[in-house]
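# Report on the structure
Spelled out, the chains give:
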Amino acid sequence: MNTKDWLIQDLKEDWLEDRAVKAEKNNKIDKEFYKQYDIKQGLRNSDGTGVVVGFTKIGSVHGYTYCDGIKTPIEGRLFYRDIEIDDLIKNAGKFGFESIVYLLLFGEFPDEEELEKFNVILDGFRKLPPHFTENTILKSPSRDVMNKLQRAILVLYSYDDYPDSLDINKILIQSLKLIARFPTIIAYGYQAKAHYFDEQSLYLHNPVDGLGTAANILHMIRSNNKYTKLEKDTLDLLLILHAEHGGGNNSAFTTHVVSSSGTDTYSAVGAAVGSLKGPKHGGANLRVKSMVDNIKENLADYSDKEELKKYLERILMGEVFDQKGLIYGMGHAVYTKSDPRAVILKEKAKELAAAKGRMEEFELYSNIESLTKEIFKEKRGEDCIICANVDLYSGFVYQLLNIPKELFTPLFATARIASWCAHRIEQLVSDHKIIRPAYKSLKNEEKCTIR
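As the structure is a prediction and not an experimental result, all values here were calculated from the model. All chains use their own residue numbering, which begins from 1 and follows the written sequence. Local features in this predicted model are restricted to residues whose pLDDT is 70 or higher, and side-chain atom pairs enter the listing and the counts only when it is 80 or higher, whereas totals over whole chains, interfaces and linings include all residues. As a rule here, side-chain values come from all non-hydrogen atoms in the structure, and water together with hydrogens is ignored.

This part is about the overall build of the protein. Helix numbering and strand numbering both begin at the N terminus, where a helix is a DSSP run of H or I of at least 4 residues and a strand a DSSP run of E of at least 2. Each helix and strand counted, the protein has 18 helices and three strands in total. Relative to its length of 451 residues, the protein is compact, with a C-alpha radius of gyration of 23 Å against a globular reference of 22 Å. Principal-axis analysis of the C-alpha atoms places the extent of the protein at approximately 70 × 60 × 55 Å. With a 1.4 Å probe rolled over the protein chains alone, any residue whose accessible area is under 20% of its type maximum counts as buried; one over 50% counts as exposed, and the rest are partly exposed. Scored against the burial criterion, the 451 residues of the protein give a buried share of 47%. Only heavy atoms enter the contact rule, under which two residues are in contact if any of them lie within 4.5 Å. Taking the contacts inside the protein whose residues are at least 6 apart along the sequence as the reference set, 70% of them involve residues at least 24 apart. Carbon and sulfur atoms make up 50% of the accessible area of the protein, which amounts to about 23600 Å² in all. Counting rule applied: Lys, Arg positive; Asp, Glu negative; His and chain ends not counted. The atoms used to mark charge sites are NZ of Lys, CZ of Arg, CG of Asp and CD of Glu. Computed over 61 positive and 65 negative side-chain charges, the separation of the two mean positions in the protein equals 3 Å. For this measure, only C-alpha atoms enter the radius of gyration; the expected value for a globule follows 2.2 Å times N^0.38, where N is the number of residues. Here, Shrake-Rupley sampling with a 1.4 Å probe gives the accessible areas, and only protein chains in the shown set may cover a residue.

Following this line, the structure appears as structure tokens:
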């Protein structure tokens, strides 16, 4: 680099640093304005409840009762199509996740014959189009599998003869192809990342008819294709638990918002993937793993509850770890006393940890849960209620399954794609207005509200 280039580079860095300060200063809105004009930050009411913006038949989340202006915490309940999650798991059948996909899309459980037909259809779509793997995945690998997934979805638009059609039959075909292909895309996306960036051997295994989604994922991401029944059943359970969470979660709402514009399926689902990637949404289990790794690195004996509690307090004070003041995996926007997904996963994590000789680690996660509850009660009063959310245990379960951390959030997307497609169809057939909320300008204070 010559002298001129050095000068230009230094000027550019100085210029950007100065403009970054200006951009931050001139775009920051004082929090007092939100109170003054009763603006719902994050579409949340002042008591933390969500602002109601629509209807849905697909799923619902219950974490409290609200009567006469009083919010009362309750044990968490999760429903898919009015069926409680515990009952869904009991009745999921041989291909558990696939039957849940059918339920979310069509509003009812398939009988044995219909489920067999459905699985044949999904198997027929699992392989990627000709040359897609080479051109879209291998020639432009990404360090982030969610980024690769999002790009691959948008490229699939070009392989569709009717990509912009809003006919429900066309959208169903698009949805089924995406649902079937997500596992293949994330498996190949991970293999490409591992090969090109981590210098590992490249394995590309074709999906196998008749295995189902969970088994195919394990088959495709492992060099020897091997997995146990317990591993397959556990991953199937994870997919079921992540498949739906009401219309108010960020990625489902994104699907509704983008679909309301009349755009194509690939754009809507791509946007949902972008939403889920965020560390406040689907990426939260990665933050839990990072936090736990940090605890292990800094505590000589993390089984010592007294020392662990002190360190968790320091995390909450923003003194250690990422200095954000958050204990990841604890607390939820809706659930209060418990997150039913976390309750179910905790039991599965314990079973799997016992089978793999890693109970000491399980106890660490369990202690983080109980000690965080203690800390919040001590700091905010006995009435303070906080529960573990699904992310506290999901990442640990993935680790017990020997699934690379790069696939934690992509697996969440692989489960949630069924819900996104169902919410897209619901939006298109139920509400033909584009979602267009209002923002108040603070540049001028008019006497009348101008929208």
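In this entry, domain limits derive from an automatic or database-based domain assignment. Once the domains are mapped, the protein shows domain 1 (78–279 + 403–430) and domain 2 (284–401). When each unit is reduced to the centre of its C-alpha atoms, the spacing between domain 1 and domain 2 is 28 Å. Contact residues are listed per partner, giving 22 residues for domain 1 and 23 residues for domain 2. Accessible area that two parts lose when put together, evaluated with a 1.4 Å probe and summed over both, is termed the buried area. Approximately 2100 Å² of surface area, both sides summed, lies buried where domain 1 meets domain 2, with 70% of it carried by carbon and sulfur atoms. Basic side-chain nitrogens of Lys or Arg form a salt bridge, by our definition, when they fall within 4 Å of a carboxyl oxygen of Asp or Glu. Along the contact surface separating domain 1 from domain 2 lie one salt bridge. The partner of K356 in a salt bridge is E231, with the nearest N and O atoms 3.2 Å apart. A 3.5 Å cut-off defines polar contacts: any pair of N or O atoms within that distance qualifies, except that in protein one atom must be a possible hydrogen donor and the other a possible acceptor, and neighbouring residues in sequence count only when both atoms are side-chain atoms. Counting across the interface, domain 1 meets domain 2 through five residue pairs in polar contact (both at pLDDT 80 or more).

Only rings of Phe, Tyr and Trp enter the pairing, Trp through its six-membered ring, and a pair is recorded when the two centres are within 6.5 Å. The plane angle decides the type: under 30 degrees is stacked, over 60 is edge-to-face, the rest tilted. Summed over all chains, the structure comprises 11 aromatic pairs. Aromatic side chains Y102 and F106 sit 4.7 Å apart centroid to centroid with 55° between the ring planes, which places their arrangement in the tilted category. Of this pair, Y102 and F106 both sit in helix α4 (residues 96–106), four residues apart, roughly one helical turn. You can call Y102 buried: its relative accessible area is 9%. According to the relative accessible area criterion, F106 is partly exposed, its value standing at 35%. Here Y157 and Y266 contribute two aromatic rings whose centre-to-centre distance is 6.1 Å and whose plane-to-plane angle is 80°, an arrangement assigned as edge-to-face. On the criterion of sequence distance, the pair formed by Y157 in the loop between α7 (145–156) and α8 (168–198) and Y266 in helix α12 (residues 265–277) is long-range, its members being 109 residues apart.

Right, let's talk about the packing of helix α14 (residues 305–316) against helix α16 (residues 359–380) for a bit. With their axes 9 Å apart at the nearest point, α14 and α16 run at an angle of 60° to one another. With respect to each other, α14 and α16 are oriented oblique. Regarding α14 and α16, the two cross each other, and that crossing is right-handed. For the pair formed by α14 and α16, the contact residues are K305, L308, K309, L312, E313 and L316 on the first element and L364, N367, I368, L371, T372, E374, I375, F376, E378 and K379 on the second. Grouping the constituent residues of the contact of α14 with α16 by class yields eight nonpolar, two polar and six charged. Orientation is described by axes fitted as lines to C-alpha atoms, over the contacting stretch for helices, and by angles from 0 to 180 degrees between their N-to-C directions. With respect to orientation, any angle under 35 degrees is reported as roughly parallel, any angle over 145 as roughly antiparallel, any angle of 65 to 115 as roughly perpendicular, and every other angle as oblique. The hand of a helix crossing depends on one turn: near helix anticlockwise from the far one by less than a right angle means left-handed, and clockwise means right-handed. As a working rule, the residues Ala, Val, Leu, Ile, Met, Phe, Trp, Tyr, Cys and Pro are called nonpolar, Asp, Glu, Lys and Arg charged, and the rest polar, with Gly in that last group.

Another aspect to go through is a negative patch on the surface. On the surface, a cluster of negative charge is made up of D10, E13, D14 and E17. Note on placement: D14 falls in helix α1 (residues 3–27). Patch membership requires over 30% relative accessible area and the absence of a salt bridge. Like charges are linked within 9 Å, and nonpolar side chains (Val, Leu, Ile, Met, Phe, Trp, Tyr) within 5 Å.

As a further point, take the side chain of D236. With respect to the helices and strands, D236 occurs in helix α10 (residues 229–242). Buried charge without a salt bridge: D236, with K232 as the nearest opposite-charge side chain at an N-O distance of 6.7 Å. A polar side-chain atom of D236 sits 3.2 Å from the main-chain amide nitrogen of F97.

It is worth spelling out a nonpolar patch on the surface at this point. Residues I29, F33 and L442 make up a contiguous nonpolar surface patch of roughly 220 Å² in combined accessible area. Relative to the helices and strands, F33 is located in helix α2 (residues 31–36).

On to the pattern of salt bridges, then. Once the charged atoms of two side chains with opposite charge are near each other, the side chains can pair. Per the counting criterion, the structure on display carries 27 salt bridges. Where E84 meets R77, a salt bridge forms, and the shortest distance between an N and an O atom there is 2.9 Å. Given a relative accessible area of 37%, R77 falls into the partly exposed group. Ionic pairing is found between K346 and E369, a salt bridge with its closest N-O pair at 3.2 Å. Here E369 lies in helix α16 and K346 lies in helix α15 (residues 340–355), a separation of 23 residues in the sequence. Looking at K346, the relative accessible area reads 23%, which means it is partly exposed. Within the structure, one salt-bridge network assembled from shared partners comprises K193, D198, K405 and E406.

In this description, a nonpolar core means a group of buried Ala, Val, Leu, Ile, Met, Phe, Trp, Tyr and Cys residues linked to one another through side-chain atoms lying within 4.5 Å. Judged by nonpolar contacts, the single largest core of 107 residues is most densely connected at F182, L235, I295, I368 and I403. At 12 residues, α8 tops the list of elements feeding residues into this core. Both domains that furnish three or more residues to this core are identified here as domain 1 (78–279 + 403–430) and domain 2 (284–401). If we skip the residues at most four places from it in the chain, I403 touches L218, I221, L235, Y398, F408 and L411.

So, on to the environment of I417. Mapping I417 onto the fold places it in helix α18 (residues 408–430). A relative accessible area of 0% means that I417 is categorised as buried. Along the backbone, I417 and K139 are 278 residues apart, and their C-alpha atoms lie at a distance of 25 Å. In contact with I417, not counting residues within four places along its chain, are L178, I179, F182 and V269.

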